[in-house]
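Summary of the model geometry
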Amino acid sequence: MKKVRLGLFLFLISGTALFSLAAIDKTTLEIRHARAVSDSADALNNLSDLSLVGSVEKYGMRGGIGIFYERPNRFALTLDFPTTFEKHVLSGNNLLLTELSGRYVELTGLFRRDERVLQFILGLQYLNADYGNMDSLTEAGEVIETRYVTSDGFPVQIVFDADNYLIRSFSFTSTLGYTREFIIKRFRSVSGLVIPTIIQENSVNPAEYTFSDIYVNQGIPSGRFDNSPKPFSLTIPERGWGRLPVDQYFGLPLVKAWIGDSPALTFLVDLNLPFSVIDENIASQLGINSSGKISFPMRYPASDFSITRIPNFLLREIEFKNKVFMCCNMLPTSINVQMPIHGIIGCDLLYDLVVTLDLPKDQMFIFDPKSFAYDDLGERVALIPNHYGYSVACRMEGVDVYLEIATSLADSLLLTEPSYAARVIRDRRRASVAGHSDGLQYGVPENIYRVRNISLASIDLPDTFVHVAEYPAANVLSKTDRGWLGCGLLRRFVLNFDFPKSTLYLKANDRFNMRDSFNSVGLYVVKSGQSIVVQHVVDDLPAGQAGIKVGDTVLQINQIPTENMVFDRIYESFRLNPDEKLSLKLKRGEEEIDVQLEGSGKI
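Residues numbered from 1 in each chain as written. Predicted model: local features only at pLDDT ≥ 70, side-chain atom pairs only at ≥ 80, totals over all residues. Heavy atoms only, no water.

1. Considerations on the overall build of the chain
Secondary structure summary: the chain contains eight helices and 44 strands in total. For the chain, buried positions account for 56% of its 603 residues. A fraction of 59% describes how many contacts in the chain between residues 6 or more apart in sequence connect residues 24 or more apart. Per element, the accessible surface of the chain, about 25000 Å² overall, is 47% carbon and sulfur. (Helix = DSSP H or I, 4+ residues; strand = E, 2+ residues; numbered from the N terminus. Buried < 20%, exposed > 50% of the residue type's maximum accessible area, 1.4 Å probe, protein only. Contact = heavy atoms within 4.5 Å. Areas by Shrake-Rupley, 256 points an atom, 1.4 Å probe, with all protein chains shown as cover.)

Put into structure tokens, the structure is as follows:
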């Protein structure tokens with residue numbers, strides 16, 4: 001019988017292989033485990049490819065999962081949620097790339113390690129017996145507990161069944177400091193192989209993986225691993241960094257970029273988005289072709305993405321080559337608004353870089369990590385990679401929550417209505433005022449709370465507003481537990497994002513103690529052509545009390561014609577302190593109306 005390369009599936013054994021329980025040492029355990037695995041030798045040797053397909057409950061959502069194997073050493077793990085699709089592909093012991101909603105990224109450092117350990121836990125990583133060095137072994141009743149150090153230097157705990165040497169669970173501590181435990185709850189015998197069908201993950205983001213469809217192919221490989229396009233490359237100036245002047249729109253960072261011989265295009269920097277986007281109208285004008293359609297509900301009013309590849313993408317002297325963008329109509333025709341934004345830069349461009357962002361000074365720097373000076377950077381905070389971007393741990397009203405870093409959000413803190421953090425705020429802070437989002441959220445109703453007890457690492461954040469948004473039922477965010485830390489607070493710091501080390505450094509600037517603000521008059525407008533039109537009015541705030549109506553056109557603000565005002569600056573006029581006043585001239589039909597508003601003292 002042809003010898004099986006041990007560890008192909010550490011948990012694939014014959015259900016009839018039983019051994020008597022006795023004092024056991026490392027050598028005995030490995031011999032008995034090898035004997036158990038060898039009972040599946042014929043099935044393993046004849047296997048061309050194997051597929052495990054099912055469902056996963058994770059991140060508060062239900063999605064799909066697939067594990068695919070082809071001899072001799074090709075693997076893929078795919079996760080498909082309503083908001084994203086990702087695929088991790090391995091060859092031998094090496095993780096080649098990740099495909100995330102159409103983008104291809106070579107994983108290095110932290111990401112490569114954690115994903116390799118995850119593959120090891122699923123039994124699809126190490127293809128021989130040398131999956132690590134055992135440094136402890138303990139018998140404990142019905143189980144044998146062992147501790148291995150993988151070839152990557154990771155400590156992994158493996159628990160065996162003491163009767164039949166079935167592997168019951170794996171656990172390890174990730175590079176981020178939190179523990180993942182995977183418990184195999186149910187097995188199934190398929191074509192002579194014993195395969196796990198339910199795996200429970202206990203971690204910061206608990207999950208349950210259920211494999212309902214299992215296919216064993218002992219014929220010709222099915223070819224699931226077509227060659228992916230080459231991942232993009234990056235050229236940084238010889239001095240190792242590049243400076244990007246930052247424009248702002250609603251306080252959000254915008255940078256200029258060039259594609260081929262195009263004029264300067266404006267891209268929003270959104271570190272909460274796992275991929276980068278270009279408006280499909282701009283792509284069409286540049287002669288860039290796109291292919292495929294992916295539905296991706298998110299905070300922006302955009303869906304039905306296609307994929308486009310751009311040979312050269314230039315951020316001043318920083319050049320990205322062979323870059324994949326998501327391509328979509330960023331502003332559906334149903335939204336009557338104009339924006340100076342042609343695309344969005346997501347965190348996929350920045351995985352291997354250090355980024356400094358100073359919003360008050362309108363500047364952004366991108367560094368090669370080898371040239372970055374780690375001096376006097378301020379408070380250190382762990383960046384936690386998630387399905388969307390990065391999160392940080394925050395303590396709010398005495399409760400620990402995780403907030404996603406959203407540089408595309410003008411508010412200080414935004415929570416979804418069903419989120420745990422939102423429930424905590426409602427329980428602790430009864431008084432609130434109704435609001436209506438502005439900026440890039442396009443009219444989402446919300447409640448606004450002033451919360452005084454918020455800390456980020458050891459930094460206490462004074463006098464902060466928390467916005468709790470009610471997303472439409474059709475939006476996936478209406479059903480998920482999400483929270484974002486936006487530019488309302490981020491502009492209080494000089495921010496240094498060390499993405500390779502998953503670390504954020506926060507250094508307070510001269511805006512740290514400035515009062516947080518919100519639209520205290522309750523008036524929300526959009527730009528339609530050259531006109532400023534009222535989109536929403538909050539009934540119990542000054543605008544609603546003064547009788548302003550949706551559809552009114554704002555002609556003047558404090559005697560200044562709105563046609564002479566930058567649109568996002570108009571909102572600064574609506575953020576009045578108590579007893580401050582604002583005069584407006586409105587047009588309703590053919591009638592012109594003068595209105596005077598006074599800042600609300602509510603909250």
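2. Examining the packing of aromatic side chains
Inspection of every chain in the model, using the stated rule, returns 20 aromatic pairs. Members of the aromatic cluster, each reached through a chain of ring pairs, are Trp241, Phe365, Phe367, Phe372, Tyr374 and Tyr505. Just above the ring of phenylalanine 325 sits the side chain of lysine 323; from NZ or CZ to the centre is 4.7 Å. One cation-aromatic arrangement involves lysine 501 over tyrosine 374; the distance from NZ or CZ to the ring centre is 4.5 Å. (Phe/Tyr/Trp six-rings, centres within 6.5 Å; stacked < 30°, edge-to-face > 60°. Lys NZ or Arg CZ within 6 Å of the ring centre and 35° of its normal.)

3. With respect to the nonpolar core
Counting 112 residues, the largest nonpolar core has Phe313, Leu315, Leu523, Val525 and Ile548 as the members making the most contacts within it. Broken down by element, the residue count for this core peaks at six residues, all from strand β22 (residues 318-328). Among all residues touching isoleucine 548, those that are not within four sequence positions of it are Leu523, Val534, Val537, Ala543, Leu584, Leu586, Arg588, Val595 and Leu597. Leu52, Met134, Ile158 and Phe160 belong to the second largest nonpolar core, which has 33 residues in total. (Core = buried A, V, L, I, M, F, W, Y, C linked by side-chain atoms within 4.5 Å.)

4. Description of the sheet that holds strand β26 (residues 379-382)
Read from one edge of the open sheet, six strands run β15-β25-β24-β37-β38-β26, paired in antiparallel fashion. In this open sheet, the two edge strands, each paired with only one partner strand, are β15 (241-245) and β26. Strand-to-strand twist of the sheet, defined as the mean angle between neighbouring strand axes without regard to direction, takes the value 20°. (Pairing = 2+ DSSP bridges. Axes fitted to C-alpha atoms, helices over the stretch in contact; angles between N-to-C directions.)

5. Structural notes on the environment of histidine 536
Here histidine 536 shows up in strand β40 (residues 531-537). Of the residues examined, histidine 536 reaches a relative accessible area of 25% and is grouped as partly exposed. When the C-alpha atoms of histidine 536 and serine 437 are compared, they prove to be 9.5 Å apart, with 99 residues separating the residues in sequence. Not counting chain neighbours up to four residues away, the residues in contact with histidine 536 comprise His436, Gly522, Leu523, Tyr524 and Val550.

6. As for the layout of surface pockets
By volume, the largest pocket is sized at about 650 Å³. Elements with a contribution of two residues or more to the lining of the largest pocket: β32 (445-451) and α8 (567-570). For the lining of the largest pocket, a count of residues per class yields eight nonpolar, nine polar and 13 charged. (1 Å grid on protein atoms, 1.4 Å probe; cavity = no way out; pocket = protein on both sides within 12 Å on 5 of 7 lines; lining within 4 Å. Points joined across faces, edges and corners; volume = space filled by probe spheres on them. Nonpolar A, V, L, I, M, F, W, Y, C, P; charged D, E, K, R; others polar.)

7. Examining the confidence of the model for the chain
When pLDDT is averaged along the chain, the result is 78; 75% of the residues meet or exceed 70. This model gives residues 1-22 a pLDDT under 50, and the stretch forms 82 contacts once residues within four places in sequence are excluded. Every residue in residues 107-112 is under pLDDT 50, and counting partners more than four places away or in other chains gives 15 contacts. (pLDDT = per-residue confidence, 0-100.)

8. As for helix α5 (residues 420-428)
Buried residues of α5: Ala421, Ala422, Val424 and Ile425, and no others. Taken down its axis, α5 places every buried residue within 160° of arc, on the same side. Packing partners of the buried residues in α5 comprise β28 (390-396), β29 (399-405), β30 (413-416), β32 and β35 (464-469). (Arc of directions from axis to C-beta.)

9. With respect to the pattern of salt bridges
Taken as a whole and assessed by the stated rule, the structure comprises 18 salt bridges. Residue aspartate 161 is joined to arginine 168 by a salt bridge in which the shortest nitrogen-to-oxygen separation is 2.9 Å. The class of aspartate 161 is buried, set by a relative accessible area of 11%. With a relative accessible area of 28%, arginine 168 lands in the partly exposed category. As a salt-bridge pair, aspartate 368 and lysine 370 come within 3.1 Å of each other at their nearest N and O atoms. Lysine 370 sits in the exposed class, given a relative accessible area of 73%. (Salt bridge = Lys/Arg side-chain N within 4 Å of Asp/Glu carboxyl O.)

10. Remarks on the environment of isoleucine 259
Mapping isoleucine 259 onto the fold places it in strand β17 (residues 252-259). Isoleucine 259 sits 60 residues away from glutamate 319 along the chain, and the two C-alpha atoms are 10.0 Å apart. In contact with isoleucine 259, not counting residues within four places along its chain, are Leu265, Phe267, Ile278, Leu286, Ile288, Ile310, Asn312 and Phe313.

11. Structural notes on unusual backbone geometry
The phi dihedral of phenylalanine 250 is positive, around 55°, even though this residue is not glycine. Here phenylalanine 250 lies in the loop between β16 (247-249) and β17. Look at phenylalanine 250 and you get buried, because its relative accessible area is 8%. Notably, alanine 457 is not glycine yet its phi reads approximately 55°, a positive angle. Tracing the backbone through its elements, the reader meets alanine 457 in the loop between β33 (454-456) and β34 (459-460). Residue class for alanine 457 comes out partly exposed when judged on its relative accessible area of 41%.

12. Concerning the state of the cysteines
Under the criterion given, the structure shown has zero disulfides. The closest cysteine sulfur to the non-disulfide-bonded cysteine 328 is located on cysteine 327, 7.1 Å from its own sulfur. For cysteine 328, a relative accessible area of 1% gives the class buried. (Disulfide = S-S within 2.5 Å.)

13. Some remarks on the environment of arginine 575
If you trace the backbone, arginine 575 turns up in the loop between α8 and β43 (581-588). Its relative accessible area of 24% is what places arginine 575 among the partly exposed residues. Separated by 58 residues in sequence, arginine 575 and serine 517 have C-alpha atoms that sit 6.3 Å apart. A polar atom in the side chain of arginine 575 sits 3.4 Å from the side chain of glutamate 572. (Polar contact = N/O pair within 3.5 Å; in protein donor to acceptor, adjacent residues only side chain to side chain.)

14. Some thoughts on the pairing of strand β18 (residues 265-269)
Across the five residues of β18, five count as buried, placing the element largely inside the fold. Burial along β18 is two-sided: Leu265, Phe267 and Val269 and Thr266 and Leu268, pointing in opposite directions, are all buried. The pairing of β17 with β18 spans four bridges and is antiparallel. Paired with lysine 256 across the bridge in β18 is threonine 266. With three bridges joining them, β18 and strand β23 (residues 343-345) adopt parallel strand pairing.

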